[in-house]
Each structure stands twice: as structure tokens, then as C-alpha cells.
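Examining the three-dimensional arrangement
If you want the building blocks of each chain, they are given just below.
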Amino acid sequence: MSSIYPATMRRLINELSKLPSIGEKSAGRLAYHLLTGDTSASNDLAEAIREAVERVSLCTVCYFISESPICPLCQDVRRAHDVLCVVEKPADVIALEKSGGFRGIYHVLHGVWSPLKGIGPEHTKISELLRRLQLDESTLAAERDPLKLPLQEVILATSTTVEGDATALYVAGLVEELGVKVTRIAQGIPKGGELEYADELTLNLSMEGRRSL
Ligand SMILES: [Zn+2]
């Protein structure tokens, strides 16, 4: 990075370039814009980031992003609490919610099993999922009463990438051991596709076309 920039600007560029899909050039352009454009808007952005980082964490039940210990989706009594959809990341929950084709509850893994990248199942929220499924009625009653229903189905909606498929198979084996029906989204999502980028109709079709594993 050019040392012509002042140190504070270099730091800003350095931090921006750590963001997904932002290279050093884009980071430089963004920093320039933030420092020379509407500075009150830049201050608002800084404040929004600080406040969101402070307040937003993960739901203690489903691990979706939430400002409260249990997210609004988990607290919603109108949703089907006996159908649980397992996804890779929070953006997948947003995509499925936008599609309107799913009215159950979620579990966000925050990653997939990827041996080539050295990411094992232990680096995702798979054990949290199993713990959630294994909790006995009394524990659940204390935790989330009156929302608990015996689970009827776990839908594996990880991406149809190699890693997503491997993760789905791995989770399926563990969930089936607990005697819960497992299905996998299938038709509609192209092979190698990520849920986040699928259109709403495709998502609805893939949810409707899920099959038993
Ligand atoms: Zn939740």
C-alpha cells in the first residue's frame, strides 16, 4: 500500500480490504469516498457498524443473527416448530424467508464440512444441532415453552456443492440415529448452487421437491 497515504487512511484501507470481495484497489476507492465525500454519512456508517457489532449476536437456539437471546423466528408461535430446516449461513435464512415457501424453524450451521480447507464438522454448529434435537422434553419446556413440539422432519438445505452434499449426508446419518425423518432439498437448485443466490421460485420448488435421505 502506498506510504503516500496518511497512516490513519492506510489503516482504514487495510481494514476495508479484509472485507469479502474487497481488494486493495476497491478498499482505496472506498476509503477515499468515505473521507472526501459526505462526512456526516461516513460518521453514520461508523456509528451503524459500532452499534450493530455491539447489539447483534447469534440466537442461542437456531444461531441465526439476532438482537435478543432467542430470535423472532424461534419465538414465532405461528411457525411450524416441528419442521426444522438446516442451512449453511444466515443469508440462506433470509433467502428462504423471502421466498415464503417455508414456515418452519431453522438451524444455521455457519459453515460446511470442507476437508480440503481443513474445516471439520466440529467447526460448524452441527454438535449444537444434535444437542438441540437430543434435549429432552423437560429441558425444552424450561427453555422454550410453549413452542416445543416433537420434531417431525429435518430438512437439509445446505448448498448443492460437494461440501454442502457431504455435510448433508453427515448430518443425515446423525439425525437419523435419533429417529427423526430427514429430507434433502433437491430439484431446482442447480448442482453446485448456493441457496443465497437462487431465485424465489427455484427455492420454493426445491423445498417442495425435497426427498427422503
Ligand atoms: Zn432462533
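For the structure itself, consult the block above.
Below or above, wherever it landed, is the structure these notes cover. What you see is a predicted model, and the numbers here were worked out from it, not measured in a lab. The residue numbers shown here count from 1 along each chain, following its written sequence. Note on the predicted model: pLDDT of at least 70 is required for a residue's local features to be given, and 80 or more for side-chain atom pairs to be given and counted; whole-chain, interface and lining totals, by contrast, use all residues. Excluding hydrogens and water, the side-chain values take into account all heavy atoms of the structure.

Here we look at the pairing of strand E3 (residues 83–87)
Along any regular strand the residues' side chains alternate between the sheet's two faces. Buried, partly exposed and exposed residues are distinguished by accessible area as a fraction of the type maximum, computed with a 1.4 Å probe on protein chains only: under 20%, between the cut-offs, and over 50%, respectively. The way it works is that DSSP assigns letters per residue, a run of H or I at least four long becomes a helix, a run of E at least two long becomes a strand, and they are numbered from the N terminus. Buried residues dominate E3, accounting for 5 of its 5 residues. Burial of E3 is two-sided: the residues Val83, Cys85 and Val87 facing one way and the residues Leu84 and Val86 facing the other way are all buried. Being paired, for any two strands, means DSSP has found at least two bridges between them. The sheet contact formed by E3 and strand E5 (residues 153–156) spans 4 bridges and is parallel. Paired with Cys85 across the strands is Ile155, a residue of E5. Pairing of E3 with strand E4 (residues 105–108), which is carried by 4 bridges, proceeds in the parallel orientation. Note on E4: the bridge partner recorded for Leu84 is Ile105. Classification remark: right-handed applies to a crossover when, strands pointing away from the viewer, the course from the first strand over the helix to the second runs clockwise. For the crossover from E3 across helix H5 (residues 90–99) to E4, the handedness is right-handed.

Quick word on the coordination of the zinc ion
Each protein donor to the zinc ion is listed here as Cys59 (SG), Cys62 (SG), Cys71 (SG) and Cys74 (SG); together their distances run 2.2 to 2.3 Å. Counted as donors are the N, O and S atoms within 2.8 Å of the metal, or 3.2 Å for Na, K and Ca, while water is not among the atoms, so some sites may look incomplete. Donor angles set the geometry label: tetrahedral for four donors if every angle is between 85 and 135 degrees, square planar for four and octahedral for six if opposite donors exceed 155 degrees and the others are between 65 and 115, irregular for anything else. The site at the zinc ion holds 4 donor atoms, and with the angles between them running 104 to 114°, its shape is tetrahedral. Site description for the zinc ion: donor spacing in sequence, C-x2-C-x8-C-x2-C. A residue pair is termed long-range when its members are at least 10 positions apart, and Cys59 in the loop between strand E1 (57–58) and strand E2 (65–66) and Cys74 in helix H4 (residues 72–75) qualify at 15 residues. Its relative accessible area of 0% is what places Cys59 among the buried residues.

A look at the packing of helix H6 (residues 126–134) against helix H8 (residues 162–177)
Axes here mean lines fitted to C-alpha atoms, for a helix over just the part in contact, with angles spanning 0 to 180 degrees between N-to-C directions. One can describe the packing of H6 onto H8 by two numbers: an axis separation of 11 Å at closest approach and a directional angle of 25°. Taken together, the axes of H6 and H8 are roughly parallel relative to one another. In the crossing of H6 with H8, the sense of the turn from one axis to the other is right-handed. Contact with H6, carried on its side by Ile126, Leu129, Leu130 and Leu133, involves Thr167, Tyr170, Val171, Leu174 and Val175 of H8 and no other residues of that element. Here the nonpolar group is Ala, Val, Leu, Ile, Met, Phe, Trp, Tyr, Cys and Pro; Asp, Glu, Lys and Arg are the charged ones; every other residue, Gly included, is treated as polar. When grouped by side-chain class, the residues that make up the contact of H6 with H8 number 8 nonpolar, 1 polar and no charged. For this classification, under 35 degrees means roughly parallel, over 145 means roughly antiparallel, 65 to 115 means roughly perpendicular, and everything else is oblique. Two helices that cross are described as forming a left-handed crossing if the nearer one is turned anticlockwise from the farther one by less than a right angle, and a right-handed crossing if clockwise. The contact definition used throughout considers only heavy atoms, calling two residues in contact when any of these lie within 4.5 Å.

What about the sheet that holds strand E6 (residues 181–184)?
Strand order in the open sheet formed by 5 strands is E4-E3-E5-E6-E7, and the pairing between neighbours is mixed. In this open sheet, the two strands that pair with only one neighbour each are E4 and strand E7 (211–212). Here H5 sits on the sheet and contacts E3 and E4; the angle it forms with E4, its principal contact strand, is near 155°. Each of E3, E4 and E5 is contacted by H6, which is oriented at about 145° to E4, the strand it contacts most.

Section: the packing of aromatic side chains
The pairing test for Phe, Tyr and Trp rings, Trp by its six-membered ring, is centres within 6.5 Å, and the orientation test on the planes gives stacked under 30 degrees, edge-to-face over 60, and tilted for anything in between. If you walk through the whole model with that rule in mind, you get 2 aromatic pairs. Aromatic side chains Phe102 and Tyr106 sit 5.1 Å apart centroid to centroid with 65° between the ring planes, which places their arrangement in the edge-to-face category. One exposure class covers both Phe102 and Tyr106, and it is buried. Consider the rings of Trp113 and Tyr170, whose centres lie 5.1 Å apart with planes at 55°: the pair is tilted. Taken as a pair, Trp113 in the loop between E4 and H6 and Tyr170 in helix H8 lie far apart in primary sequence, 57 residues in all.

Observations regarding the packing of helix H1 (residues 7–16) against helix H2 (residues 24–36)
As a packed pair, H1 and H2 sit with axes 8 Å apart at the nearest point and diverge in direction by 130°. On the basis of their axis angle, the class for H1 and H2 is oblique. Handedness of the crossing formed by H1 with H2: right-handed. For the pair H1 and H2, contact is made by Met9, Leu12, Ile13 and Leu16 and by Glu24, Ala27, Gly28, Leu30, Ala31, Tyr32, Leu34 and Leu35, respectively.

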